[in-house]
Amino acid sequence: MKVFTAQQIYNADKATIERQQISSDELMERAATQIFNWMHLRMQGAPVKIHLFCGIGNNGGDGLALARQLWEHGYNIAVYVVKYSEKRSKDFLTNLDRLKDRKIWPVYLDADSELPSIGPDDIIVDAIFGIGLNRTPDDWVSQLIQHLNKTKAFILSVDIPSGLFTDSVPKDSASVIQSNYVLSFQVPKLVFFLPQTGIYVEQWEVLDIGLDTAYLMETETEYELIAKNEVLQFYRPRTKYSHKGTYGHSLIIGGSYGKIGAVTLASKSALKAGSGLVTAYVPECGYQIVQTSVPEVMVLTNGESLIEAIDFEIEPTVIGIGIGMGTEDKTVKALEKFLKVNKMPLVVDADALNILSKNQNLLQFLPKESILTPHPKELERLVGKWKDDFEKLKKVKEFSEKQNVVMVIKGAHTITFFKGRGYINTTGNPGMATAGSGDTLTGIITGLVAQGYPSLHAAILGVYIHGKSADLSIANKGYQALTATDIIESMGSAFIDLFTSPEKEAPVEVETNEN
Ligand SMILES: NC(=O)C1=CN([C@@H]2O[C@H](COP(=O)(O)OP(=O)(O)OC[C@H]3O[C@@H](n4cnc5c(N)ncnc54)[C@H](OP(=O)(O)O)[C@@H]3O)[C@@H](O)[C@H]2O)[C@@H](O)CC1
Ligand SMILES: [K+]
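Residues numbered from 1 in each chain as written. Chains lettered and ligands numbered in written order. Predicted model: local features only at pLDDT ≥ 70, side-chain atom pairs only at ≥ 80, totals over all residues.

- As annotated in an unreviewed UniProt entry, the protein is Bifunctional NAD(P)H-hydrate repair enzyme from Maribacter cobaltidurans.
- UniProt's Subunit (unreviewed entry) comment on the protein is quoted here verbatim: "Homotetramer." (UniProt positions renumbered as here; feature names shortened; annotations may be inferred.)

Printed below as a string of structure tokens:
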């Protein structure tokens, strides 16, 4: 699913009005009707008090049109107009008149108004600001927002939590609605998925308001949301007359004394992702460990307790490198020498990333379209500090384009970057913030490249399967007890799930963790 910018949404709005020959008021009515249907289906006429807080623009207009529909169906409503500006949008005014025609009199709120009282079991509809927010709300509006956040009432936001910008991080976190549920028109917004802004969105769902399909299909977006339908488009089925050679040979290089487990996890993951053959390249202290714990994996060794040289005679299809490898001088030199001669595609993680960060002259030796999988600290070492999530995205994008590599930015919503586009993952959960989770991902991606997936597809599918495996595991493990081994064990179910259960239209829960 594409993620549009606010400007693109306004353009879609315009294209829809022109091509479908409808008025903007009709489009607003469609939007309000979708929200009404959503609420009515769940509430079935329940006499719960619904407080609708409406701004003076089109987001507020949506709120007023919704209020009218709720009223017409006998719901118990209270309407407030938050007068944060002297301007009024045309469609807001039309809908205000329609309320007055029905003798529904909103309460007008300004800087001098008392804060309305709201019961713990009431519902708040948040239609104060939409995607038109372009500056921090005034103090009194911010106080109103804080007041609403403090109530125990369920907050349903129209389109986007009020106070949340579409393209920047809020300067004042107190002036953003902490939404329980966001009903977003047609497309989700990028800010739902970033650590600093996703925290305002507990759950979200997209409502189809029939925006012009041609515009939506033709318009290129910088970001795309990755769910089952997206990964199925490039999934490569196995063929009957294939053999293990068809599915490539993954070489996993890493490990040091006390950190052989990382290689074990990655090797096993590569195997479970479908790699035909897997070889682990570890220091001698890891020989028996890997051989015993994953009998399917072959082992090559170098050095006693750490890797001192990277030199082998096999011909792998792809190399996953860096996990548990350490950053001792001898290993740094080994990596440097190896990078200067290597031509194989690489999946670079952990200590290999740390070594690259300290020796940025080595970046030039990364084969093009290599995949880098940094966690936030490793990323910071690689691209430098950022002031907020948006600057982080910009830096990653520039880095990925300059080095011609695929960047996998791990987080609650892992984002994969390549050639100027970001692919936002939707699987995974906070249980994944556990030791070895990253090693597992490196193994999965390596195993997919081995099978012939292009780098970008291997990264996107790998991240999806990694998260899906964890999602399937938590049913009987819970968040706390989930381990990397559980993730690996559920990989089979995650692949099967691609084909057994159709993609749900259900809401996607947005969680925040950095693993
Ligand atoms: N295509 C779609 O998806 C459809 C979208 N629809 C709905 O329209 C919504 C967007 O509506 P919108 O453009 O009228 O903007 P909205 O957010 O209501 O703000 C109103 C105005 O407030 C102002 N302003 C900004 N910040 C401010 C501040 N801090 N303090 C004070 N004032 C501030 C600013 O005006 P300014 O003062 O800058 O001139 C702004 O224009 C969208 O979210 C969705 O709900 C549907 O109706 C149908 C189809
Ligand atoms: K809103």
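Let's talk about the overall build of the protein
So, step 1. Helices and strands together make up the secondary structure of the protein, namely 17 helices and 19 strands.
So, step 2. Over its C-alpha trace the protein gives a radius of gyration of 26 Å, about what one expects of a compact globule, namely 24 Å for 515 residues.
So, step 3. By principal-axis analysis of the C-alpha atoms, the protein measures approximately 85 × 45 × 45 Å.
So, step 4. Counting all 515 residues of the protein, 50% fall into the buried class.
So, step 5. Put simply, 75% of the contacts in the protein that link residues at least 6 apart link residues at least 24 apart. (Helix = DSSP H or I, 4+ residues; strand = E, 2+ residues; numbered from the N terminus. Rg over C-alpha atoms; globule rule 2.2 N^0.38 Å. Buried ≥ 20, exposed ≤ 12 C-beta atoms within 10 Å, placed from the backbone. Contact = placed C-beta atoms within 7 Å.)

Some words on the sheet that holds strand β17 (residues 415-418)
So, step 1. With mixed pairing, 11 strands are arranged side by side in an open sheet as β1-β9-β18-β17-β16-β15-β14-β13-β10-β11-β12. What marks the edges here is a single partner per strand, and that holds for β1 (2-3) and β12 (298-301).
So, step 2. Sheet topology note: the strand β11 (residues 277-282)/β12 ladder contains four bridges and is parallel. Bridged to Tyr281 within β12 is Leu300. (Pairing = 2+ DSSP bridges.)

A short note on the site of ligand 1
So, step 1. If you check the shell around ligand 1, you find 31 residues, and the closest are Asp13, Gly57, Asn58, Gly130 and Gly132.
So, step 2. For the shell around ligand 1, the secondary-structure elements that each account for two or more residues are α1 (6-19), α2 (24-43) and α3 (58-72).
So, step 3. If one sorts the elements of the shell around ligand 1 by residue count, α3 sits on top with five residues.
So, step 4. For the shell around ligand 1, the class distribution of residues is 13 nonpolar, 13 polar and five charged. (Near = placed C-beta within 6 Å. Nonpolar A, V, L, I, M, F, W, Y, C, P; charged D, E, K, R; others polar.)

Some words on the environment of Val383
So, step 1. By the element assignment, Val383 lies in helix α12 (residues 376-383).
So, step 2. Given 20 C-beta atoms within a 10 Å radius, Val383 is considered buried.
So, step 3. Separated by 15 residues in the primary sequence, Val383 and Glu398 place their C-alpha atoms 9.4 Å from one another.
So, step 4. Residue contacts for Val383: discarding those within four places in its chain leaves Lys395, Val396 and Phe399.

Some points on the environment of Gly130
So, step 1. Mapped onto the secondary structure, Gly130 falls in the loop between β5 (123-127) and α5 (139-150).
So, step 2. As a C-alpha pair, Gly130 and Val158 span 28 residues in sequence and 7.3 Å in three-dimensional space.
So, step 3. Residues contacting Gly130, with those up to four places away along its chain left out, are Gly57, Asn58, Asn59, Val158, Asp159 and Ile160.

Here we look at the domain arrangement of the protein
So, step 1. Considered domain by domain, the protein is made up of domain 1 (2-221) and domain 2 (231-236 + 247-509).
So, step 2. The gap between the C-alpha centroids of domain 1 and domain 2 is 41 Å.
So, step 3. Every contact between the two is made by 12 residues of domain 1 and, on the other side, 10 residues of domain 2.
So, step 4. For the side of domain 1 that touches domain 2, the element with the most residues is strand β8 (residues 203-207), which contributes three residues.
So, step 5. Of the residues contributing to the side of domain 1 that touches domain 2, the split by class is six nonpolar, five polar and one charged. (Domains from an automatic or database assignment.)

Some details on unusual backbone geometry
So, step 1. A positive phi is found at Lys103, a non-glycine position, where the angle reads about 60°.
So, step 2. If you trace the backbone, Lys103 turns up in the loop between α4 (90-101) and β4 (107-109).
So, step 3. Taking the number of C-beta atoms within 10 Å as the measure of exposure, Lys103 has 6 and is therefore exposed.
So, step 4. Even without a glycine there, the phi angle at Gln186 is positive, about 65°.
So, step 5. For Gln186, the position within the fold is in the loop between β7 (181-185) and β8.

Focus: the UniProt feature "binding site: K(+)" (unreviewed entry) in the protein
So, step 1. Mapped onto this numbering, the UniProt entry annotates "binding site: K(+)" (unreviewed entry) at Asn59, Asp126 and Ser162. A maximum C-alpha distance of 9.2 Å places the annotated residues, which cover 104 residues in sequence, within one compact spot.
So, step 2. Within the secondary structure, Asn59 sits in helix α3.
So, step 3. Leave out the neighbours within four places in its chain, and Asn59 touches Ala127, Ile128, Phe129, Gly130, Gly132, Val158 and Asp159.
So, step 4. Residues in contact with Ser162, not counting those within four places in the same chain, are Asp126, Ile128, Phe129, Ile145, Ser157 and Ile177.

Let's talk about α2
So, step 1. Between its first and last C-alpha, α2 extends 28 Å over 20 residues, near the 28 Å set by a 1.5 Å rise per residue.
So, step 2. All buried positions along α2 are accounted for by Leu27, Met28, Glu29, Ala31, Ala32, Gln34, Ile35, Phe36 and Met39.
So, step 3. Positive backbone phi, approximately 50°, marks Gln44, located one or two places after α2. (Expected span 1.5 Å × (residues − 1).)

Focus on the nonpolar core
Soluble globular proteins: nonpolar side chains tend toward being buried together.
So, step 1. Residues Leu52, Phe53, Val82 and Val125 are the most contacted members of the largest nonpolar core, which totals 150 residues.
So, step 2. A total of nine residues in this core trace back to one element, the largest contributor, which is helix α15 (residues 455-481).
So, step 3. Structurally, this core is a two-domain feature, drawing no fewer than three residues from each of domain 1 (2-221) and domain 2 (231-236 + 247-509).
So, step 4. Dropping the residues within four chain positions of it, Leu52 is found in contact with Gly63, Leu66, Ala67, Ile77, Val79, Tyr80, Val125 and Ala127. (Core = buried A, V, L, I, M, F, W, Y, C linked by C-beta atoms within 7 Å.)

Here's the deal with helix α10 (residues 329-341)
So, step 1. Its 13 residues place the ends of α10 19 Å apart at the C-alpha level, agreeing with the 18 Å of an ideal helix rising 1.5 Å per residue.
So, step 2. Close packing links the buried residues of α10 with α11 (350-358).

Thoughts on the UniProt feature "binding site: AMP" (unreviewed entry) in the protein
So, step 1. Using the residue numbers shown here, the UniProt feature "binding site: AMP" (unreviewed entry) corresponds to Lys410, Gly411, Ala412, His413, Thr414 and Gly438. In three dimensions, the annotated residues from a span of 29 residues occupy one location, with a maximal C-alpha spread of 14.0 Å.
So, step 2. With respect to the helices and strands, the residue Lys410 is situated in the loop between β16 (406-409) and β17.
So, step 3. The contacts of His413, once residues within four sequence positions are left out, are Phe193, Ile424 and Asn425.

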